[in-house]
Amino acid sequence: LHVRDPDVWLRAVAFTVICLASPQILVFSFGRDQGIYALVGAGMLEGKVPYRDLWDFKPPGIFFVYALAQGIFGKSMLAPRLLEVGALIGIVICSARLAQTFFGNRTAGYLAGAVAAIVHAELDFWHTGQPETFGGLFTFVGLVLATGEGHRRRRWARYAFVGATFGVAALLKPPLGGGALVCAAYLYTRERTRGESWHAGLAAVVAVGGGMLLAILLCASWFALAGGWDALVW
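The shown structure was predicted, so the numbers you read here are calculated from the model rather than taken from an experiment. (Residues numbered from 1 in each chain as written. Predicted model: local features only at pLDDT ≥ 70, side-chain atom pairs only at ≥ 80, totals over all residues. Heavy atoms only, no water.)

On to the overall build of the protein, then. Each helix and strand in the protein was counted, giving 11 helices and zero strands. Taken along its principal axes, the extent of the C-alpha atoms in the protein is 65 × 50 × 25 Å. Counted over contacts in the protein with a minimum sequence separation of 6, partners at least 24 positions apart contribute 72%. Once the 19 positive and 14 negative side-chain charges of the protein are each reduced to a mean point, those two points are 9 Å apart. (Helix = DSSP H or I, 4+ residues; strand = E, 2+ residues; numbered from the N terminus. Contact = heavy atoms within 4.5 Å. Lys, Arg positive; Asp, Glu negative; His and termini not counted. Charge placed at Lys NZ, Arg CZ, Asp CG, Glu CD.)

Here we take up the environment of Ala14. Mapped onto the secondary structure, Ala14 falls in helix α1 (residues 6–26). Sequence-wise, Ala14 and Ala117 are 103 residues apart; in three dimensions their C-alpha atoms are separated by 9.5 Å. Setting aside residues no more than four positions away along its own chain, Ala14 makes contact with Tyr110, Leu111 and Ala114.

A few words on unusual backbone geometry. The backbone of Tyr51 shows a phi angle near 75°, a positive value even though the residue is not glycine. Relative to the helices and strands, Tyr51 is located in the loop between α2 (32–45) and α3 (61–73). Of note, the phi angle at Asp124 is positive, near 65°, even though the residue is not glycine. Here Asp124 shows up in helix α6 (residues 124–127). A relative accessible area of 40% places Asp124 in the partly exposed class. (Buried < 20%, exposed > 50% of the residue type's maximum accessible area, 1.4 Å probe, protein only.)

The next subject is helix α5 (residues 107–122). Every α-helical turn comprises 3.6 residues, leaving residues that sit three or four positions apart pointing alike. Look at α5: 23 Å from first C-alpha to last across 16 residues, which is about the 22 Å you get at 1.5 Å a residue. Those residues of α5 that are buried are in contact with α1, α4 (78–103), α6 and α7 (131–147). (Expected span 1.5 Å × (residues − 1).)

This next bit is on the nonpolar core. By size, the foremost hydrophobic cluster in this structure holds 18 residues, and its most contacted members are Ile62, Phe63, Val65, Tyr66 and Phe134. Put simply, the parts of the chain that give this core at least two residues each are α2, α3, α4 and α7. Per element, the largest residue contribution to this core is five residues, and it comes from α3. Once residues lying within four places of it in the same chain are set aside, the contact partners of Phe63 are Tyr37, Val40, Gly41, Met44, Pro50, Tyr51, Asp56 and Lys58. (Core = buried A, V, L, I, M, F, W, Y, C linked by side-chain atoms within 4.5 Å.)

Before going further, it helps to spend a moment on the confidence of the model for the protein. In the predicted model, the protein carries a mean pLDDT of 93, and 96% of its residues have values of at least 70. The element-level mean pLDDT for the protein is lowest in helix α11 (residues 229–233), coming to 56, with α3 highest at 97. (pLDDT = per-residue confidence, 0-100.)

Using the criterion set out here, one finds 10 aromatic pairs in the structure. Judged by centre distance (5.5 Å) and plane angle (70°), the ring pair of Tyr51 and Trp55 falls under edge-to-face. Centre to centre, the rings of Trp156 and Tyr159 are 5.6 Å apart; their planes meet at 85°, and the pair counts as edge-to-face. Taken as a pair, Trp156 and Tyr159 lie in helix α8 (residues 155–172) at a separation of three residues, close to a single helical turn. On the accessibility criterion, Trp156 (30% relative accessible area) is partly exposed. Clustering of aromatic rings is evident, with ring pairs tying together Phe30, Tyr37, Tyr51, Trp55, Phe63, Tyr66 and Phe223. (Phe/Tyr/Trp six-rings, centres within 6.5 Å; stacked < 30°, edge-to-face > 60°.)

This structure, assessed with the given rule, holds zero disulfides. Counting only cysteine sulfurs, Cys94 is the nearest neighbor of Cys183, a cysteine outside any disulfide, at a range of 12 Å. On the basis of relative accessibility, which here comes to 3%, the residue Cys183 falls in the buried class. (Disulfide = S-S within 2.5 Å.)

Below, the structure is given as structure tokens:
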């Protein structure tokens, strides 16, 4: 008897849910928060500086996201939603990659992605398009880079990229940056269990921390060069 792999049907269901949920996000309008992000993002495209010319208490990362969306797709409520759906698809891909790494099968990751997609669509316009959505993508990318097996000679650069992803995530939602600590501990332990010295483990931690710090410093440098530092200090 020919037995069909049940994973085929599970993946089909997952892909169907993802494909049906994602377009619903594209039709969401702006709430108050999204309108503020879009206003600041549009101002950035005109040379204005957050916290000096336009004010909101959120970290700067979300303003860059909305500025990028409007710079690519034009000034509309659809623009950031397109990036949001792209971020959601990226999370699905990362979930599948993590499932492959830890379970040897991507199906669990696709199912997790389907659950994430339908829950996200159910959040409606008010709780979507927020910093957590985009910060979540960078968190997942950091986890994939930290747990993946790349070329050993290039691992230090990969570890630095791990830190950079969490640095960007922190610029969107500061608590998300805490994932860098977990990844640094994981990489230290992995280096040690492979017979490397504690110096190698420490180097992994330093690489993660350096990458995270670099991402934050680049943002701070842009802000200072744009003339926003004086306003922030004031």
